[in-house]
Amino acid sequence: MTTPSLLGLSHVSLSVRDRTAARDFWVTVMGFDVVADEDGYCLLFDHGTALAVILSDHDHQVADTFDECRTGLDHLALAVPDVEGLRSWLQRLDRMGVPHSEVTESEAGHHLNLRAPDDLPVELFVMKPEFAAGLGVDSTQPVASIG
């Protein structure tokens, strides 16, 4: 039986305590555009990646900050084209006063970590070509468009 195909990542929907703070982070820091900001949700979109981020406070029922040690999402990783791009992100975060890690290197690639409102971990990631090759993918293409 053949597995039906997937085109890639469509959107990420995040539960947040403060939709305004979360929206401001994703727009101001990460560069997403506001598509809709309604009573129940906020829809943001990045045209470069065709990725949508949806923010919901579930009628003000979200009570705790994020904890990657609970079942569910561990972190959100966004692909960056190259290490120079990662350094540009580092400079942008510094200019904006956004706390972050240093750029670190692993077997898989280069990483820069920060936290969105509600302590949500966001990783900016550059996959090493040799690691991508081991997966059978082109590391220069966003993961959502591999296929």
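Parameters at a glance
Residues numbered from 1 in each chain as written. Predicted model: local features only at pLDDT ≥ 70, side-chain atom pairs only at ≥ 80, totals over all residues. Heavy atoms only, no water. Pairing = 2+ DSSP bridges. Helix = DSSP H or I, 4+ residues; strand = E, 2+ residues; numbered from the N terminus. Buried < 20%, exposed > 50% of the residue type's maximum accessible area, 1.4 Å probe, protein only. Expected span 1.5 Å × (residues − 1). Contact = heavy atoms within 4.5 Å.

A. The arrangement of the sheet that holds strand β6 (residues 104–105) in detail. What the four strands build is an open sheet, ordered β5-β8-β7-β6; its pairing is mixed. What marks the edges here is a single partner per strand, and that holds for β5 (76–79) and β6. Here strand β7 (residues 109–116) pairs with strand β8 (residues 120–127) via eight bridges, running antiparallel. Bridging from a neighbouring strand, Ala116 pairs with Leu120 of β8.

B. Examining unusual backbone geometry more closely. Of note, the phi angle at His58 is positive, near 50 degrees, even though the residue is not glycine. By the secondary structure assignment, His58 is in the loop between β4 (51–56) and β5. Note on His58: relative accessible area 42%, which makes it partly exposed. Positive phi values are uncommon outside glycine, yet Asp59 reaches one of about 55 degrees. The residue Asp59 is located in the loop between β4 and β5 in this model.

C. Just helix α2 (residues 83–96), in detail. The end-to-end C-alpha distance of α2 is 20 Å, a good match for the 20 Å that 14 residues give at a rise of 1.5 Å each. Where α2 is buried, its residues touch α1 (19–29), β7 and β8. The first or second residue beyond α2 is Gly97, which carries a positive phi of 70 degrees.

D. Representation of the pairing of strand β1 (residues 11–15) in the model. Of the two faces of β1, only one is covered, namely that formed by Val12 and Leu14; the face formed by His11, Ser13 and Ser15 stays uncovered. Pairing between β1 and β4: five bridges, direction parallel. Following the sheet pairing, Val12 is matched in β4 by Val53.

E. Seen up close, the environment of Pro117. For Pro117, the position within the fold is in the loop between β7 and β8. Given the relative accessible area of 24%, Pro117 is considered partly exposed. For the pair formed by Pro117 and Trp89, sequence separation is 28 residues and the distance between their alpha carbons is 18 Å. Once residues within four sequence positions are removed from consideration, Pro117 is found in contact with Ala21, Ala22 and Phe25.

F. Fine view of the pairing of strand β3 (residues 42–46). The alternating pattern of β3 places Cys42, Leu44 and Asp46 on a buried face and Leu43 and Phe45 on a face that is not buried. Two strands pair when backbone bridges link them, and strand β2 (residues 33–37) and β3 are joined in this way by four bridges, in the antiparallel orientation. Opposite Asp37, over in β3, you have Cys42 as the bridge partner. Between β2 and β3, which follow one another and run antiparallel, lie four residues. With five bridges joining them, β3 and β4 adopt antiparallel strand pairing. Bridging from a neighbouring strand, Cys42 pairs with Leu55 of β4. Between β3 and β4, which pair antiparallel one after the other, the connecting turn spans four residues, and Ala50 there sits at a positive phi close to 60 degrees.

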